[in-house]
Amino acid sequence: MFLLATIPCSQVELHWDHAVPGATEIRTRQLRGALGTAFNDDAFFHQHDPVTGKPLYRYPRIQYRWRNGYGVVVGWGEAASRLLALPWFDLLLRLGDERVMVSDAALTLTQSQFAVGDQLTHYQLKTPALLFNQDNYRRYQPLTAQEQTVEQERLLVAGLLTAMRGLDVTFNQRLYAAFLNTKKQTCHYKGESLFGLSGTFVTNAVLPSGFAFGHGVSHGFGELVTMNGSV
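Just so it is clear, the structure is predicted and the values come from calculations on it, not from any experiment. (Residues numbered from 1 in each chain as written. Predicted model: local features only at pLDDT ≥ 70, side-chain atom pairs only at ≥ 80, totals over all residues. Heavy atoms only, no water.)

## Quick notes on the packing of aromatic side chains
Working step 1: Evaluation of the coordinates by the stated rule reveals 17 aromatic pairs.
Working step 2: Pairing F39 with F45 gives two aromatic rings, centres 4.8 Å apart and planes at 35 degrees, and the pair type is tilted. For the pair F39 and F45, a shared accessibility class is recorded, and that class is buried.
Working step 3: Ring geometry for F114 versus F211: centroids 5.2 Å apart, planes at 85 degrees, classification edge-to-face. Of the two residues, F114 is situated in strand β5 (residues 98–125) and F211 in the loop between β7 (192–206) and β8 (224–230); the sequence distance between them amounts to 97 residues. A single burial state applies to F114 and to F211, both of which are buried.
Working step 4: Joined through ring pairs, the aromatic side chains of Y59, W76, F114 and F211 make up one cluster. (Phe/Tyr/Trp six-rings, centres within 6.5 Å; stacked < 30°, edge-to-face > 60°. Buried < 20%, exposed > 50% of the residue type's maximum accessible area, 1.4 Å probe, protein only. Helix = DSSP H or I, 4+ residues; strand = E, 2+ residues; numbered from the N terminus.)

See the structure below:
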């Protein structure tokens, strides 16, 4: 294994003062909006310039997820220590029409490694990866099954490389990645219905569990986890 970078990653699991059921996609979007409002002076939370209001086109250093009724906030790089220093306890938030209070916050900090592997490593997509936009999906639909497989893997490689570059990780060898199996599903992101892919894949990149790639990573899409075993 050839180490490329070690990047701090923090995670804050937010527990509420009462049960908060709801669909993962919707709750994640609401959590992002609520914390973007609560910490409006920090562009890491909402990806907009606090002065001009214009979008910041970069890999989101803060990402939002929803797991088993809890909110999860993940910070990469310079955002990692920032998350750990915030006053989470008793923070009041509005999730849609519901007001909630943070009753507990479980904080963790890890040093996540990115590397070139000596062999292929298996990964599973914990949440669907949005590798397509509406334009390239239109070009994808009429392709043969074999051509679609090639296009999926091309977009997989491109998505992984783009996400790593977003964290200033340069993969200095040829990156290989291939899906082992996929499941197609419709996902909703910024008012659009997009084609998402779940499943497993292999790559010669060594990536930390919790890393996310593709479109909408700040909304919880494209999160991967490492599977046991390599090939």
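## Quick word on helix α1 (residues 24–38)
Working step 1: If you check α1, its first and last C-alpha atoms are 21 Å apart, about what 15 residues at 1.5 Å a residue would give, namely 21 Å.
Working step 2: As for α1, its buried residues are in contact with β1 (2–16), β2 (62–67), β3 (70–76), β4 (92–95) and β5. (Expected span 1.5 Å × (residues − 1). Contact = heavy atoms within 4.5 Å.)

## Quick notes on the pattern of salt bridges
Working step 1: Under the defined criterion, the tally for this structure stands at eight salt bridges.
Working step 2: Here R61 ties to D168 by a salt bridge, and the two come within 3.9 Å at their closest N and O atoms. Of this pair, R61 sits in the loop between α1 and β2 while D168 sits in the loop between α4 (145–166) and β6 (177–189), and the two are 107 residues apart along the sequence.
Working step 3: Measuring nitrogen to oxygen at the nearest pair gives 3.5 Å for the salt bridge that ties R65 to E223. Note that R65 is positioned in strand β2 and E223 in the loop between β7 and β8, a separation of 158 residues in sequence. The two residues R65 and E223 agree in class, both being buried.
Working step 4: Three or more residues joined by partner-sharing salt bridges are found here, namely R61, E78 and D168. (Salt bridge = Lys/Arg side-chain N within 4 Å of Asp/Glu carboxyl O.)

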